[in-house]
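Close look at the chain arrangement
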2 protein chains.
Amino acid sequence: MRESGRMSDLAAALRVGPGFTLADIDPDSTPGYRGDHDDGDKDLAKGAVELDGLQERLFANKDHDPRSVLLVLQGMDTAGKGGIVRHVVGSVDVQGVRLRAFKKPTEEELAHDFLWRVRRELPGPGYLGVFDRSHYEDVLIGRVRELAPAEEIERRYGAIVDFENEAIAAGTVIVKAMLHISAEEQHDRLAERLERPDKYWKFNPGDLAERALWSDYQEAYQLALERTSTSAAPWHVVPANRKWYARLAVQQLLLEAFASLGQGWPPPDFDVDEQRRLLGD
Amino acid sequence: MRESGRMSDLAAALRVGPGFTLADIDPDSTPGYRGDHDDGDKDLAKGAVELDGLQERLFANKDHDPRSVLLVLQGMDTAGKGGIVRHVVGSVDVQGVRLRAFKKPTEEELAHDFLWRVRRELPGPGYLGVFDRSHYEDVLIGRVRELAPAEEIERRYGAIVDFENEAIAAGTVIVKAMLHISAEEQHDRLAERLERPDKYWKFNPGDLAERALWSDYQEAYQLALERTSTSAAPWHVVPANRKWYARLAVQQLLLEAFASLGQGWPPPDFDVDEQRRLLGD
C-alpha cells in the first residue's frame, strides 16, 4: 500500500483569506493532494473509517459535551452537494446526523427573518448537522434575483457572521465548503441528466434559467465568500470538477473539525462496579 | 463466489401468523438462511447495493408517487436496533431516510393521544422512514409498567391496527421487525457495555430495572404481536442473538418491501428535447 496522497495542508490550501479571488481557482485542480483518482478513492475509504470513529465519539458525548459540528454545503446546481452527502456524510452513523436540504422558502419561512428557518435546524449537542444549501442562498439567489431590497441583502452579510459566531460560542464547529465547478462541467452534468432516463428526475428546467446567470452567481459567491469568511468560520472553496477530489477534500475538512474537538469517551455517569454487581457478574 | 445463502422464504419464515408463540422462537436460529457468518456478510454487502438502487428509485419518484416505506424496529435493550440502523439502513442514501428514535414521551407528547407523536413522523412520499422504537412502546413498557389504565392499554391494540391501515391506505408499506434476543445474550451485551470504556455511554442503569421484568416484557410482546400482526402489516420476529443474521433478515424484509412497489424511473415532467436545445446541445 502506498502512502496517503493527502497532504497536511489540504484544508489550508482551500481556505478563503484576504485577497481571495474565486475566478483564480481552477475547478479542475486538486490542491493539497498529490495522488490520482485511484489513490483518492483509497484515501476516501481510509478516511471514512476514521471519520466514523470520530463521529461516534461526538455522539457518545452528547449528554456531557455541548459541542456539535455543522457542515454547510454550497455550490451551483450539479456541483455535487448530494454526492458529498451520500459518499462522505453517508460513511458515518445516520443516527448522529441531522441533514437539512434548504429549498425555496415557504410562505411561513418568508414571513420571518431569513435566519429563522436556519437557526432552528442547528445541530444539537453530539450531532453532525449538514446543510445542503443554507442561509447563504439569501445572499446568492437572493442577490442575483433581487429577492430582497439591496440594503437588506447588504445587512445579511453581517447578520450571517453574527449568527455563526453565536453558534460557535454555543459549541458548534462550522465547516463551510463551496463546491466550485466550471460552467463547462455544469453543461456536461446537465446534459447527462437529459440523456439518461434514470437521471431525468434530477433535472429541473429552472436550473437552466439560473445557469444563464452564471457570471452573476460567481460575483455573488465572490462577495459572500469575501464578507463571511472569518477566522472562526472560514470558507473553503473546493475545486469540484473532479468529484473524487471534492469528496476527499470535504472529508478532510470534517476530519480536521472533528479532531479539533479532542474528545475521548465520556466517563460513566453511574458506578460501574455497582452496576456490574446488579447485573450479576 | 458461492451462491447466496438467502432463501426465498426467509421473510415468510419470520412472519407472525395464527397460533404464533414467541417462546417457541430460538433467538440463536437463522430461519430461511443456509449460510454461515461469512456468507451472511457477503450477502449483506450484495443486498446493500440492491437496496441502495431500490431506495433511489423510491426517492426519484417522490413527486410522482405517494408511496413510502416505514421500518418499525422493536426489541429489548441491546437487541441491536442501532446496529440495524447503522448497517442496514446506513447503506442507502441518508438524503432519503427519515429516522426517528422514540424515547420516553415528553410532557407535550403525554398530553396527546399516544399516536399523536407517531403520526407526525410518518414518512412522506418517496422516503424510507425508520422508527427506532415506536407506538408499540405504549403497549409494551406501557403495559408492563402500567403507565395507563388497563382499558386504555386494551384499546390501543385496535387503535394501532387502525392507524397502520390508514397509513397503508395512504401509500406506506410497513415493515415491522422485532429483534428477538435471549436473556443470556442481553446479559452478555450489557456486561460488555460495563467492561469497555468505549461502551459505557451505551449503558443506562435503567436497563437493569427493565431487565428484571424480562418475562413480563416477553408476555407483553406476545400479546402485541398476536393482536397487531395483520396481513397488511405483519410482524416479523427476527432471531437476533447472531447480529449478522438479524441484519441480513431485516435487509431482506426491506428488499421485499421495496421490490413490491414495482417502481421504474419516473417520466420527465418537462420536454426533454426542448431542454436539450435550451442547454445548447
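Everything below is about the structure shown above.
Since we're looking at a predicted model, the values are computed, not measured.

Another point: the packing of aromatic side chains. Residues and elements named next belong to chain A. For the coordinates displayed, the defined rule picks out 16 aromatic pairs over all chains. Note on Phe59 and Tyr127: the rings are 5.4 Å apart at their centroids and 85° apart in plane angle, and the pair reads as edge-to-face. In this pair, Phe59 sits in helix 2 (residues 37-60) while Tyr127 sits in the loop between helix 5 (116-119) and strand 3 (128-132), placing the two residues 68 residues apart along the sequence. Take Tyr127: its relative accessible area is 15%, and that puts it in the buried class. Centre to centre, the rings of Trp244 and Tyr245 are 6.2 Å apart; their planes meet at 90°, and the pair counts as edge-to-face. According to the relative accessible area criterion, Tyr245 is buried, its value standing at 0%. Members of the aromatic cluster, each reached through a chain of ring pairs, are Tyr33, Trp244 and Tyr245.

Turning next to the pattern of salt bridges. Throughout the structure, instances matching the rule amount to 42 salt bridges over all chains. The residue Lys46(B) makes a salt bridge to Asp43(B) at a minimum N-O spacing of 3.7 Å. With Lys46(B) and Asp43(B) both in helix 2 (residues 37-60), this residue pair falls three residues apart, about one helical turn. Looking at Asp43(B), the relative accessible area reads 4%, which means it is buried. Shared partners join several salt bridges into a network, and the residues in it are Arg100(A), Glu109(A), Arg117(A) and Glu121(A).

Here we take up the environment of Val72(A). Residues and elements named next belong to chain A. The topology assignment puts Val72 in strand 1 (residues 68-75). For Val72, a relative accessible area of 0% puts it in the buried group. Sequence separation between Val72 and Met178 is 106 residues; the distance between their C-alpha atoms is 8.3 Å. Beyond its immediate stretch of four places on either side in the chain, Val72 contacts Phe131, Ser134, His135, Tyr136, Ile174, Val175, Lys176, Ala177 and Trp235.

Attention now moves to the relation of the copies chain B and chain A. Expressed as a screw operation, the relation of chain B to chain A combines 0.0 Å of axial shift with a rotation of 180°, fitting to an RMSD of 0.0 Å. The transformation relating the two chain copies, once decomposed into turn and shift, fits a two-fold axis. A shared binding surface is used by both copies, with 100% of the interface residues of chain B retained as interface residues in chain A.

This brings us to the interface of chain B and chain A. Across the boundary between the two partners, chain B contributes 39 residues, which contact 39 residues of chain A. Looking at the side of chain B facing chain A, the largest losses of area belong to Arg86(B), Trp201(B) and Leu279(B), adding up to 20% of the total buried there. Linking chain B with chain A are four salt bridges, by the criterion used here. Across the pair Arg86(A) and Asp52(B) runs a salt bridge, and its minimum N-O distance is 2.6 Å. Elements supplying a minimum of two residues to the side of chain B that touches chain A: helix 2, helix 3 (81-87), helix 8 (183-195), helix 9 (206-211) and helix 12 (272-279) of chain B. The residue makeup of the side of chain B that touches chain A, split by class, is 21 nonpolar, six polar and twelve charged.

About the cut-offs
- Residues numbered from 1 in each chain as written.
- Chains lettered and ligands numbered in written order.
- Predicted model: local features only at pLDDT ≥ 70, side-chain atom pairs only at ≥ 80, totals over all residues.
- Heavy atoms only, no water.
- Phe/Tyr/Trp six-rings, centres within 6.5 Å; stacked < 30°, edge-to-face > 60°.
- Helix = DSSP H or I, 4+ residues; strand = E, 2+ residues; numbered from the N terminus.
- Buried < 20%, exposed > 50% of the residue type's maximum accessible area, 1.4 Å probe, protein only.
- Salt bridge = Lys/Arg side-chain N within 4 Å of Asp/Glu carboxyl O.
- Contact = heavy atoms within 4.5 Å.
- Least-squares fit on C-alpha atoms with pLDDT ≥ 70 in both.
- Buried area = accessible area lost by both parts, 1.4 Å probe.
- Nonpolar A, V, L, I, M, F, W, Y, C, P; charged D, E, K, R; others polar.

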